[in-house]
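# Topology and contacts: notes
Chain by chain, the residues run as shown.
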Amino acid sequence: ALPICYGLKIEWWIDERKDYQKSTRAAIRYLSDLYGQFSSWYLVAASYNMGENGVRRLMQKHRTNNYWSLVEAGALPDETSSYVPKIIAAMLIAKAPRLYGFRDLDYHQPLIYESAIVPGGTDIINLASFLGVSDRYLRDLNPELVNAFVPGSVRSHSIRVPKGSMLAVAKYIQLQAKSEIARA
């Protein structure tokens with residue numbers, strides 16, 4: 001198994017960095033830790049882009065803890081010195097898209113799902129077929145399952161399933177358990 005980073009499990013079967021909810025919570029914890037180190041959101045964004053050790057070295061070398069002074073001195077890589085203004089621009093646009101010329105946006109509907117606990121060994125593709133949904137849809141709901149399979153090495157795992165399908169999921173699990181018993 002690979003290491004756990006900010007609470008995210010990273011293994012051959014499961015990579016929770018791909019789970020949008022878990023990775024967002026981990027990123028928030030990381031950004032909070034960076035803010036605790038730098039006390040500047042500009043430096044936080046720069047360190048998120050190029051690494052906190054690199055930012056810390058540049059701060060020591062140039063004897064400043066001011067992001068804009070580092071930019072002015074040409075200390076930061078070009079990518080990093082333009083990253084922070086891009087983040088600021090994205091925030092401003094997100095708050096008032098029409099003000100910046102973004103009209104007729106096609107907003108995506110949030111995913112509607114329920115969470116189900118399934119046993120290790122659950123095959124997401126077979127489950128999708130049983131539920132009558134595309135395997136792509138079920139995989140998109142569960143991007144952390146790298147191989148579309150809950151590893152048999154875990155007792156259970158929480159997955160996302162289409163809203164209203166909990167009874168069918170329970171039936172699938174029951175049928176799989178009976179099949180396992182019959183094979184034993």
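See the structure printed just above.
Just so you know, these numbers come straight off a predicted model, no measurement behind them. (Residues numbered from 1 in each chain as written. Predicted model: local features only at pLDDT ≥ 70, side-chain atom pairs only at ≥ 80, totals over all residues. Heavy atoms only, no water.)

A few words on the pairing of strand S2 (residues 156-162). Successive side chains on a regular strand alternate, one facing one side of the sheet and the next facing the other. A large share of S2 lies buried, amounting to five of its seven residues. Pairing geometry for strand S1 (residues 113-119) and S2, over seven bridges, is antiparallel. Among the inter-strand pairings, Pro 119 is bridged to a residue of S2, identified as Ser 156. (Buried < 20%, exposed > 50% of the residue type's maximum accessible area, 1.4 Å probe, protein only. Helix = DSSP H or I, 4+ residues; strand = E, 2+ residues; numbered from the N terminus. Pairing = 2+ DSSP bridges.)

Moving on: the side chain of Asp 123. Within the element layout of this structure, Asp 123 appears in the loop between S1 and helix H6 (124-131). Within the buried core, Asp 123 has no salt-bridge partner, and the shortest N-O distance to an opposite charge, that of Arg 139, equals 8.3 Å. Within the structure, Asp 123 has its side chain in polar contact with the backbone nitrogen of Ile 125 (distance 2.9 Å). Here the side chain of Asp 123 touches Asn 126 through a polar contact of 3.2 Å, landing on its backbone nitrogen. (Lys, Arg positive; Asp, Glu negative; His and termini not counted. Salt bridge = Lys/Arg side-chain N within 4 Å of Asp/Glu carboxyl O. Polar contact = N/O pair within 3.5 Å; in protein donor to acceptor, adjacent residues only side chain to side chain.)

Take the packing of helix H2 (residues 41-50) against helix H5 (residues 78-95) next. Axis separation between H2 and H5 bottoms out at 9 Å; the angle between their running directions is 125 degrees. Taken together, H2 and H5 sit at an angle that is classed as oblique. As for the relative orientation of H2 and H5, their crossing is right-handed in sense. Mapping the contact onto sequence places Tyr 42, Ala 45, Ala 46, Tyr 48, Asn 49 and Met 50 in H2 and Glu 79, Thr 80, Tyr 83, Val 84 and Ile 88 in H5. Tallied by class, the residues present in the contact of H2 with H5 amount to eight nonpolar, two polar and one charged. (Axes fitted to C-alpha atoms, helices over the stretch in contact; angles between N-to-C directions. Parallel < 35°, antiparallel > 145°, perpendicular 65-115°, else oblique. Left-handed = near helix turned anticlockwise from the far one by under 90°. Contact = heavy atoms within 4.5 Å. Nonpolar A, V, L, I, M, F, W, Y, C, P; charged D, E, K, R; others polar.)

Glancing now at the nonpolar core. In this structure, Leu 127, Leu 138, Ile 159 and Val 169 are the most contacted members of the largest nonpolar core, which totals 17 residues. Of all the elements in the fold, those that place two or more residues in this core are S1, H6, helix H7 (135-141), S2 and helix H8 (166-183). Of the residues forming this core, the biggest block, four residues, is contributed by H6. Apart from the residues lying within four places of it in its own chain, the contact partners of Ile 159 are Glu 114, Ser 115, Ala 116, Val 118, Ile 124, Leu 127, Asn 142, Leu 145 and Val 150. (Core = buried A, V, L, I, M, F, W, Y, C linked by side-chain atoms within 4.5 Å.)

All chains considered together, the criterion is met by five salt bridges. Between Arg 17 and Asp 15 there is a salt bridge, with its nearest N and O atoms 2.7 Å apart. The salt bridge involving Arg 183 is made with Glu 180; its shortest N-O contact spans 3.2 Å. Of the two residues, Arg 183 and Glu 180 both sit in helix H8, three residues apart, roughly one turn of that helix. Overall, Arg 183 belongs to the exposed group, its relative accessible area being 58%. Assessed through its relative accessible area of 47%, Glu 180 is described here as partly exposed.

This part takes up the packing of aromatic side chains. According to the stated counting rule, one finds nine aromatic pairs in the structure shown. Ring geometry for Trp 13 and Phe 149: centres 5.4 Å apart, planes at 40 degrees, overall tilted. Taken as a pair, Trp 13 in the segment before helix H1 (20-38) and Phe 149 in the loop between H7 and S2 lie far apart in primary sequence, 136 residues in all. Classification of Phe 149 by relative accessible area gives partly exposed; the value is 24%. Pairing Tyr 42 with Trp 68 gives two aromatic rings, centres 5.3 Å apart and planes at 65 degrees, and the pair type is edge-to-face. Taken together, the residues Tyr 42 in helix H2 and Trp 68 in helix H4 (residues 67-72) connect sequence positions 26 residues apart. Among the aromatic residues, those joined into a ring-pair cluster are Tyr 6, Tyr 30 and Tyr 48. (Phe/Tyr/Trp six-rings, centres within 6.5 Å; stacked < 30°, edge-to-face > 60°.)

With that settled, consider the packing of H6 against H8. Contact geometry of H6 with H8 gives a least axis separation of 10 Å together with a crossing angle of 125 degrees. Between H6 and H8, the crossing angle belongs to the class labelled oblique. Helix-helix and strand crossings are classified by hand; for H6 and H8 the assignment is right-handed. In contact with Asn 126, Leu 127, Phe 130 and Leu 131 of H6, H8 contributes Ala 168, Val 169, Lys 171, Tyr 172 and Leu 175. Here the contact of H6 with H8 is composed, by residue class, of seven nonpolar, one polar and one charged.

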